[in-house]
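As a plain string of letters, each chain reads:
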Amino acid sequence: MTARVLRAADRTATPWKNGGGVTREIAAYPEGAPMDAFDWRVSLAEVTEDGPFSAFPGVDRTLTVVEGAGMDLMVDGEHHIVDEPYWPHDFPGDLATDGTLLGGPVVNLNVMCRRGRTSAAVAVVRGTVRLSAPPGGAVLAVALEDGAVLDGTECELDRYDALLTRDAAAGVLRTHGWALLVTLSGD
């Protein structure tokens, strides 16, 4: 299996599209695409205060709280309480969205997919996980806790390190804790 390791330590903090916070991109396709042209993007966002989310027309989003007490998301006037860690929550990125912290700062893992070009299946997993990218797609595994290893390699993932593959040949990831698995398919 051909896979790229994406180390958390190599990520730089960049301002949110709306300037209200900081994000660290884990991976995107195409690589280096600006915020209005990616097919998909996965990132970690540090949220330290209440406020509006950036608008992403034509983009579907999945938010997973990975640190902190969670958020009350107001999506197009409707409350969505996102207070359970490691529980993915889907919402359209083009609807007006505001976030209110429930008990201090949070770190969210965000998956964004351009509607009509790609889609994502997001799952939080633990134990032995078979990795296999769909035709024309990719699989991204992000360690949410220390201690994940790809079978047959010396590649160990620490917290927030990731593994990206476009390989259809199954590989096996063994986790000692939780990991987020994103399977990306072309539409």
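What you see is a predicted model, and the numbers here were worked out from it, not measured in a lab. (Residues numbered from 1 in each chain as written. Predicted model: local features only at pLDDT ≥ 70, side-chain atom pairs only at ≥ 80, totals over all residues. Heavy atoms only, no water.)

(A) A look at the overall build of the protein. From N to C terminus, the protein includes zero helices and 17 strands. By the compact-globule yardstick of 16 Å for 187 residues, the protein fits well, its C-alpha radius of gyration being 16 Å. Along the longest, intermediate and shortest principal axes, the C-alpha atoms of the protein span 50 × 35 × 25 Å. Burial statistics for the protein: of 187 residues in total, 45% are counted as buried. Pairs at least 24 apart in sequence give 70% of the contacts found in the protein among residues at least 6 apart. Just so you have it, the protein exposes about 8,700 Å², and 51% of that area is on carbon and sulfur atoms. Averaging the locations of the 15 positively and 27 negatively charged side chains of the protein gives two centres separated by 6 Å. (Helix = DSSP H or I, 4+ residues; strand = E, 2+ residues; numbered from the N terminus. Rg over C-alpha atoms; globule rule 2.2 N^0.38 Å. Buried < 20%, exposed > 50% of the residue type's maximum accessible area, 1.4 Å probe, protein only. Contact = heavy atoms within 4.5 Å. Areas by Shrake-Rupley, 256 points an atom, 1.4 Å probe, with all protein chains shown as cover. Lys, Arg positive; Asp, Glu negative; His and termini not counted. Charge placed at Lys NZ, Arg CZ, Asp CG, Glu CD.)

(B) Representation of the sheet that holds strand β6 (residues 59-67). Spatial ordering of the open sheet is given by β2-β3-β4-β11-β6-β9, a layout of six strands whose pairing is antiparallel. Of all the strands in the sheet, the pair left with one neighbour each is β2 (14-15) and β9 (89-92). (Pairing = 2+ DSSP bridges.)

(C) Molecular detail of the pairing of strand β3 (residues 22-29). Examined bridge by bridge, β2 and β3 share two bridges and lie antiparallel to one another. Residue Pro 15 lies in a different strand from β3, and its bridge partner there is Val 22. Here β2 hands over to β3 after six residues, with Gly 19 in that stretch at a positive phi of 80°.

(D) Spotlight on unusual backbone geometry. That bond from Tyr 29 to Pro 30 is cis: its omega, -10°, falls within 30 degrees of zero. Relative to the elements of secondary structure, Pro 30 occurs in the loop between β3 and β4 (40-47). Even without being a glycine, Asp 76 presents a positive backbone phi close to 50°. On the secondary structure map, Asp 76 appears in the loop between β7 (71-75) and β8 (78-82). Although it is not a glycine, Tyr 160 sits at a positive phi angle of roughly 70°.

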